[in-house]
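Coordinate analysis (summary)
Single-letter residue listing:
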Amino acid sequence: MISATRLLRRAVRGQCQTPRAPWRSLLSTQTDKQPEPAQPEPAKPDFTQLGSRIKQAAAAEPVPPAPSTPSPSPSAFQQPPMARRRPGSSLLDDLDQRLLKQKQEAQAAEQARQQASQDRKLKPIFKRKAEELFDENENLREREMLMKEAFAKGYWSDFKEVAKKGAKLWEAPDVMRAGQYSPVVPNVSGTLMDGRKSDVLEYVKQNKATLVVYYFNAFGEKQVESFIKPFLDEFKDHPHVDLLILNVEEKTQRAPILWLASPYVRFRTHVDRRPRTMIVYKDISEERKKTGMSNNVLGWVNLVDSTGRIRWQAHGNATAKELASVSSLARKLALI
């Protein structure tokens, strides 16, 4: 046991420490810490004094004059004048008129373009100007047009149509077409087998009624023969009714063959038919299609008046009804 004397000495020397229990030392760790010194609070800005300084600086600086903005004129708020409509017309009528006008202008432009392309295609190459020959854009357009024409319809399409529908696509009616609604017969020029030069329109205007026959191959020749023989037997000596036979070769590659064989063709043609027969070396596909002769495998017969209008048309082998119709209609045209 520590004596009282020793405790007194330690207290005097400053080394006296009172023993503590362990649990009291744990509890006193938080309380033994000395408090941190308080920091001074930041001074708050004086906004009143700052505002007064800003006002004084603004009053001392001269203010530039504000730019003047022009006042809008009354006409700026006015709407543009609307087009006056015709009396009694509505808005829909005006729209229809505008659409019709735009459509007519587009059609006129397309027709002009097609006509220019057609004229260029038909114009001989030696008559074209140098700038036309070397115009790349025009040559590309012409090439595109030729490609479309070449692949628009297959080479064997006419044969396929005959194989599918037969050699008789339809039977001709027993009435004539009106003259104002009838197409003009395809006009081609050439030399008749008797040596006379003529064309189709020049030939048909000499008579009141003419049966103009077109065939393009031996198959069509046999078909039109069923019309020619009865027609010649009936109107052979009639002064106002005549016959014209056209042997047409549309393919450029086969034209020289027909030309070489023309003496044989003339030899096998009957003497009575030679003044009425002409060999043609020309592509008339566009002209004949416009008149209704759509297939070049078949043979076609057209009853034509003196103005060149096709008043009646048939194809293929003749039927009894068609033979009776062409006879009666030819008499009607010739006023017999």
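See the structure printed just above.
First things first, this report covers the structure right here in the doc.

What counts, and at which threshold
- Residues numbered from 1 in each chain as written.
- Predicted model: local features only at pLDDT ≥ 70, side-chain atom pairs only at ≥ 80, totals over all residues.
- Heavy atoms only, no water.
- Helix = DSSP H or I, 4+ residues; strand = E, 2+ residues; numbered from the N terminus.
- Buried < 20%, exposed > 50% of the residue type's maximum accessible area, 1.4 Å probe, protein only.
- Contact = heavy atoms within 4.5 Å.
- Areas by Shrake-Rupley, 256 points an atom, 1.4 Å probe, with all protein chains shown as cover.
- Patch = residues over 30% accessible without salt bridge, like charges linked within 9 Å, V, L, I, M, F, W, Y side chains within 5 Å.
- Salt bridge = Lys/Arg side-chain N within 4 Å of Asp/Glu carboxyl O.
- Expected span 1.5 Å × (residues − 1).
- Core = buried A, V, L, I, M, F, W, Y, C linked by side-chain atoms within 4.5 Å.
- Polar contact = N/O pair within 3.5 Å; in protein donor to acceptor, adjacent residues only side chain to side chain.

Turning our attention to the overall build of the protein chain. Along its length, the protein chain carries 13 helices and 7 strands. A buried classification covers 28% of the 336 residues belonging to the protein chain. Taking as baseline every contact in the protein chain between residues at least 6 positions apart, the subset at least 24 positions apart corresponds to 71%. In the form shown here, the protein chain has an accessible surface area of approximately 25,000 Å², with 57% of it arising from carbon and sulfur atoms.

Our next topic: the environment of Leu298. Relative to the assigned elements, Leu298 resides in the loop between α12 (285-290) and β6 (300-305). Note on Leu298: relative accessible area 0%, which makes it buried. For Leu298 and Asp158, which are 140 residues apart along the polypeptide, the C-alpha to C-alpha distance reads 8.9 Å. Not counting residues up to four positions away in its chain, the partners in contact with Leu298 are Val162, Ala167, Leu169, Phe216, Phe219, Gly220, Gln223 and His315.

The subject of this paragraph is a nonpolar patch on the surface. A cluster of nonpolar side chains, contributed by Leu91, Leu92 and Leu95, occupies part of the molecular surface with about 300 Å² of accessible area. Position of Leu95 relative to the elements: it lies in helix α4 (residues 91-122). Residue Leu95 is classed as partly exposed on the basis of its relative accessible area, which comes to 38%.

For the rest of this paragraph, the subject is helix α13 (residues 320-333). Taking 1.5 Å of rise per residue, the 14 residues of α13 would be expected to cover 20 Å, and the 20 Å separating its terminal C-alpha atoms lies within 8% of that figure. Of the residues making up α13, those classed as buried are Glu322, Ser325, Val326, Ser327, Leu329, Ala330 and Leu333. The secondary structure elements touched by the buried residues of α13 are β3 (209-215), α9 (218-235), β4 (241-249), β6 and β7 (310-315).

Turning next to the nonpolar core. Core analysis: the biggest nonpolar cluster contains 23 residues, and Val301 and Trp312 have the highest contact counts within it. Elements that contribute at least two residues to this core include exactly β3, α9, β4, β6, β7 and α13. With 6 residues, α9 is the largest single contributor of residues to this core. What Val301 contacts, discounting residues up to four positions off in sequence, is Leu211, Val212, Val213, Val224, Phe227, Trp312, Gln313 and Ala314. Listed in part, the 22 residues of the second largest apolar core include Phe216, Leu244, Val280 and Ile284.

Further remarks concern the environment of Thr307. Among the secondary structure elements, Thr307 is positioned in the loop between β6 and β7. Along the backbone, Thr307 and Val204 are 103 residues apart, and their C-alpha atoms lie at a distance of 7.5 Å. A distance of 2.9 Å separates the side chain of Thr307 from the side chain of Asp305, its partner in a polar contact.

Honestly, that's just the spatial picture; any functional story needs more than this.
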